[in-house]
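# Structure assessment
The residues making up each chain are set out below.
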There are 4 protein chains.
Amino acid sequence: MSPPSALPTTAAIAAAPEPDRWHFRHPVRIYWEDTDAGGIVFYGNYLKFMERARSEWLSALGLSQEHLRSAGQGMFVVGETQLRYLKPARLDDLLTVTVRLVELGRATIAFQQEVWRGDTVLTQGRVRIGWVEPFEDHFKPGRIPAQILALLPTPIQTPEVDRP
Amino acid sequence: MSPPSALPTTAAIAAAPEPDRWHFRHPVRIYWEDTDAGGIVFYGNYLKFMERARSEWLSALGLSQEHLRSAGQGMFVVGETQLRYLKPARLDDLLTVTVRLVELGRATIAFQQEVWRGDTVLTQGRVRIGWVEPFEDHFKPGRIPAQILALLPTPIQTPEVDRP
Amino acid sequence: MSPPSALPTTAAIAAAPEPDRWHFRHPVRIYWEDTDAGGIVFYGNYLKFMERARSEWLSALGLSQEHLRSAGQGMFVVGETQLRYLKPARLDDLLTVTVRLVELGRATIAFQQEVWRGDTVLTQGRVRIGWVEPFEDHFKPGRIPAQILALLPTPIQTPEVDRP
Amino acid sequence: MSPPSALPTTAAIAAAPEPDRWHFRHPVRIYWEDTDAGGIVFYGNYLKFMERARSEWLSALGLSQEHLRSAGQGMFVVGETQLRYLKPARLDDLLTVTVRLVELGRATIAFQQEVWRGDTVLTQGRVRIGWVEPFEDHFKPGRIPAQILALLPTPIQTPEVDRP
């Protein structure tokens, strides 16, 4: 199977993480909890690392997810994830997780994210996020509130990478 | 430090898991997600295994935690845990988690629980549970509803073990 | 963004989980550990559920991942995951996770997997697996051992779904 | 049940986290992955937070757990944990996890640890750690290597708290 077209090739991002390619960077240390019996980081945990970086970025932009949630205004939900695991991370590693907003719509936004150790990219991913608002005793999909969209920057277009 | 007095000695439970010593048993398979780079189960996960067994037991007794929670009636919260990790479990292991209700009060209940692989006890624990009910935008401690207490059996007293 | 082409549409799998569409099914109960503050299952955990189903299937085929690992023969590693989260699961839910082997090569194999609650599909995914073998103090990619490939069944081709 | 004697009372530590009471402090941010459907941090995750703080402290002391592990020298294993969950943490919270070495033996060491949000203590714990070394294809308990013990400071005695 060829790689999904939405994911950049390793070659294409060889120069990352360059400052103008990413909206945000977040450090992640690897602890015992993150590893598995293979001696490496359990692949499922990269979704957590990418989420941590997005959450820190939203906090840095002034957005409190907990306030929105407990006030009953709504919350972001993850709709789709595509990840490629290129090289393993290990106990004690200090990684850098990058965040690039690549699509900004009324109903969903999309991120390109990577996990690096030094100048080596370990994992690449694309994450699509939607919004839900309270409805009866649960939630239903809705439009992302305008005041939240206003906090977000212009997406970084990387056509040569994302649409080869 | 001597072992906490609330925990039975390994010798004292050598004959477990005998049917009349436990209210419930639950099987747990070990997957990659449960292990760490030491090649064994991450110790923090035994709390999850014990919770799974308690939840299955409550379900078997006819109690729906999700119904109570989403209906705003309240929920159990864990107040205290004491665990001893005696021997490691590994990938692919099929374990048995036991549940014994040992204290039944209006404000809290307590469980003695163990994790076994075959006839070998791997982990022993005591877990104290309280109850919280909705209060303003959060929760506050409360008395366990009488209809829930009525579902629970008489605690199994094991004085020779629990109070040496 | 249109859905990744490798993932079947919801309509296309409306009749699943039919027996002849899947190699294996595995039940998963939702516990507190699986949920998040949104009141639903944390999306990252579906990767764990899919892994559990694959591991149980491999065990059922007679393959011990722990034996292979501790004997130093090698292990499967996840190379790529694509998931779509369609509807949420909640505390106490009993889900069915399906496994369909869709590609069987010397270097990688691929699975189509879904998570169902009753007759509702909640999550769809494609997972690509590789093989690594011990090399110096770590591991390197290798060919899947022939005796393992021999245990696996013929992939189920679903061209109308996977290559629209 | 009275609290286990090994755990300090809340009153006794009201002045914490004072610099001379702890060997180390580590910040922990709460993300979605840490919470559960109760809207608060899943209690089992405090063991992870305490482990992160101990690991960061060991790193700061110059000790690489990954080097020890992959070089086949041995590793720390958790033998016993006692935790009390006093107040909940929530999404977006920034917590402080403290580490105090309270016992230093040849076979085991023990830590007193707490989790704070601002000047409020949320969780208190005692964690006992042992050492294992490679033996045949697994590990067996052993003495903590002298060069590791030499890196550790004098335990902080808090008799008025730990033995009331």
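Relevant structure appears above.
So, here is what we can say about the structure in this document.

Rules used throughout
Residues numbered from 1 in each chain as written. Chains lettered and ligands numbered in written order. Predicted model: local features only at pLDDT ≥ 70, side-chain atom pairs only at ≥ 80, totals over all residues. Heavy atoms only, no water. Helix = DSSP H or I, 4+ residues; strand = E, 2+ residues; numbered from the N terminus. Salt bridge = Lys/Arg side-chain N within 4 Å of Asp/Glu carboxyl O. Buried < 20%, exposed > 50% of the residue type's maximum accessible area, 1.4 Å probe, protein only. Pairing = 2+ DSSP bridges. Least-squares fit on C-alpha atoms with pLDDT ≥ 70 in both. Contact = heavy atoms within 4.5 Å.

Turning next to unusual backbone geometry. Apart from glycine, the bulk of residues carry a negative phi angle, and the bulk of peptide bonds sit in the trans form. Backbone geometry places A:Asp92, a non-glycine residue, at a positive phi of 80 degrees. As for its position among the elements, A:Asp92 is in the loop between β2 (75-85) and β3 (94-104).

Turning our attention to the pattern of salt bridges. Opposite charge on two side chains allows them to pair when their charged atoms are near. Under the defined criterion, the tally for this structure stands at 28 salt bridges over all chains. In this structure, the salt-bridge partner of C:Arg117 is C:Asp93, at a minimum N-O distance of 2.7 Å. Separated by 24 residues along the polypeptide, C:Arg117 in strand β4 (residues 108-117) and C:Asp93 in the loop between β2 (75-85) and β3 (94-104) bring together distant segments of the chain. Overall, the relative accessible area of 14% leaves C:Asp93 in the buried class. A salt bridge links D:Arg69 to D:Glu66; the shortest N-O distance between them is 3.1 Å. Highlighted residues: D:Arg69 and D:Glu66, both in helix α2 (residues 65-70), separated by three residues, approximately one helical turn. Within the structure, one salt-bridge network assembled from shared partners comprises A:Glu103, A:Arg126 and A:Arg128.

Okay, the environment of C:Glu136 next. Here C:Glu136 lies in the loop between β5 (120-135) and β6 (138-141). Between the C-alpha atom of C:Glu136 and that of C:Tyr31, which follows or precedes it by 105 residues, the distance is 40 Å.

All names here are of chain C. When you tally the buried positions in β5, you get twelve out of 16 residues, the bulk of the element. In terms of strand pairing, β2 meets β5 through ten bridges, oriented antiparallel. Considered in β5, the bridge of Val78 is made with Ile129. Direction of pairing for β4 relative to β5: antiparallel, over a ladder of ten bridges. The residue of β5 that forms the bridge with Gln113 is Gly125. Hairpin connection of β4 to β5: two residues between the antiparallel strands, including Gly118 at a positive phi of 60 degrees. In this sheet, β6 lies alongside β5 in antiparallel orientation, the contact comprising four bridges. Looking at the pairing, Phe135 lines up with His138 of β6. Count of turn residues in the β5/β6 antiparallel hairpin: two residues, of which Glu136 carries a positive phi of about 50 degrees.

With that out of the way, let us pick up the relation of the copies chain D and chain B. For the pair chain D and chain B, the relating rotation is 180 degrees, the translation along its axis is 0.0 Å, and the fit reaches an RMSD of 0.0 Å. The relationship between the two copies is best expressed as a two-fold rotation axis. For chain D, the minimum C-alpha distance to the rotation axis belongs to D:Gln82 and amounts to 2.2 Å. A shared interface surface links the copies, since 96% of the contact residues of chain D are contact residues in chain B too.

These values are about where atoms sit, not about what they do.
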